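Structural overview for review
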Amino acid sequence: MTERSPGSPADQRVGDATERVQTTQRSRAKESRRQALLSSAATLFAVDGFNRVSLEDLGAAAGVSGPAVYRHFAGKQAVLGALLLSVSQELLEGGRRVVADAADPAAALARLVQFHVDFALSNPDVIRVQDRDFSNLSDDDQAEVRTLQRNYVELWVEVLQALHAGTDTAELRMRAHAAFGLINSTPHSVRSHGRRVAAKSARPLLESMALAALLVAASPVPGE
């Protein structure tokens, strides 16, 4: 049998492959800890508010030390920014996929409503954080979140234009925002006297109410 020298090309390839595997594992572990921190931040910020949560609180909730948070984020404000930016980006990208896959505008609107209701039921803490702590974002993050959210609204408006021909764009935006307000009230509306309403009960009600608000014909103004 021919012995392989330690510095042979075969040994080098094995070493390179091992290093790539280890690098991938480290990257996955780092991303997993980052996501755990964001998930913990959503819960803590929703319950206690951004200003009352410390980095030590965040680290403890995610199973790391307070100083270890700095390996993933520049500080608590950066955590808040990453949380709201990632959610806004996910909404926009998900909404675009929904519209692209829909057969027609009516189907697109129904799927958008389903998509947003699913988001609201799955992320009540994030909705609370957005409502209460948006002003604690940095100026740059505020601007970027607003841009993402405006693009998301316009996605809905484009679909609504196909279903309400000749309707003023401002009214269509109002319809979209009204539907968001209804759906995003989920963190409050799915609770009754401290008890949660099951998502399977809340989902069809929210979907039907939102669709009705989006599709209802405008009533004529008296005197016109």
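In this report, the structure presented in the accompanying data block is examined. (Residues numbered from 1 in each chain as written. Predicted model: local features only at pLDDT ≥ 70, side-chain atom pairs only at ≥ 80, totals over all residues. Heavy atoms only, no water.)

With respect to the packing of helix α6 (residues 139-163) against helix α7 (residues 169-184)
Following both chains from N to C, one finds α6 and α7 inclined at 120°, their axes separated by 9 Å at the closest point. By crossing handedness, the relation of α6 to α7 is classed as right-handed. Here Tyr152, Val153, Glu154, Trp156, Val157, Leu160 and Gln161 of α6 lie close against α7, whose contacting residues are Thr169, Leu172, Arg173, Arg175, Ala176, His177 and Phe180. Its residues assigned to classes, the contact of α6 with α7 comprises eight nonpolar, three polar and three charged. (Axes fitted to C-alpha atoms, helices over the stretch in contact; angles between N-to-C directions. Helix = DSSP H or I, 4+ residues; strand = E, 2+ residues; numbered from the N terminus. Left-handed = near helix turned anticlockwise from the far one by under 90°. Contact = heavy atoms within 4.5 Å. Nonpolar A, V, L, I, M, F, W, Y, C, P; charged D, E, K, R; others polar.)

A look at the pattern of salt bridges
Enumeration over the complete set of coordinates arrives at five salt bridges. When the shortest N-O distance is used, the salt bridge between Arg128 and Asp125 registers 3.1 Å. Within this pair, Arg128 and its partner Asp125 are both found in helix α5 (residues 124-133), separated by three residues, close to a single helical turn. Judged by relative accessible area, which is 24%, Asp125 ranks as partly exposed. (Salt bridge = Lys/Arg side-chain N within 4 Å of Asp/Glu carboxyl O. Buried < 20%, exposed > 50% of the residue type's maximum accessible area, 1.4 Å probe, protein only.)

A few points about helix α2 (residues 55-62)
By the burial criterion, the buried members of α2 are Leu55, Leu58 and Gly59. Along the long axis of α2, the arc covered by the buried residues comes to 95°, so they all point the same way. Once α2 ends, the next one or two residues include Gly63, with phi positive near 85°. (Arc of directions from axis to C-beta.)

Quick word on the nonpolar core
Phe45, Leu58, Val79, Leu83, Leu84 and Trp156 are the most contacted members of the largest nonpolar core, which has 55 residues in total. When residues of this core are traced back to their parent elements, those giving at least two are α1 (9-48), α2, α3 (76-101), α4 (105-122), α5, α6, α7 and α9 (199-215). Ranked by the residues each element gives to this core, the list is headed by α3, at ten residues. Sequence-distant contacts of Leu84, defined by excluding residues within four places in its chain, comprise Val126, Val129, Gln130, Leu137 and Val145. (Core = buried A, V, L, I, M, F, W, Y, C linked by side-chain atoms within 4.5 Å.)

Brief notes about the side chain of Asn136
Inspection of the secondary structure assignment puts Asn136 in the loop between α5 and α6. Given the relative accessible area of 18%, Asn136 is considered buried. Excluding anything up to four places from it in sequence, Asn136 contacts Phe50, Asn51, Gln77 and Leu80.

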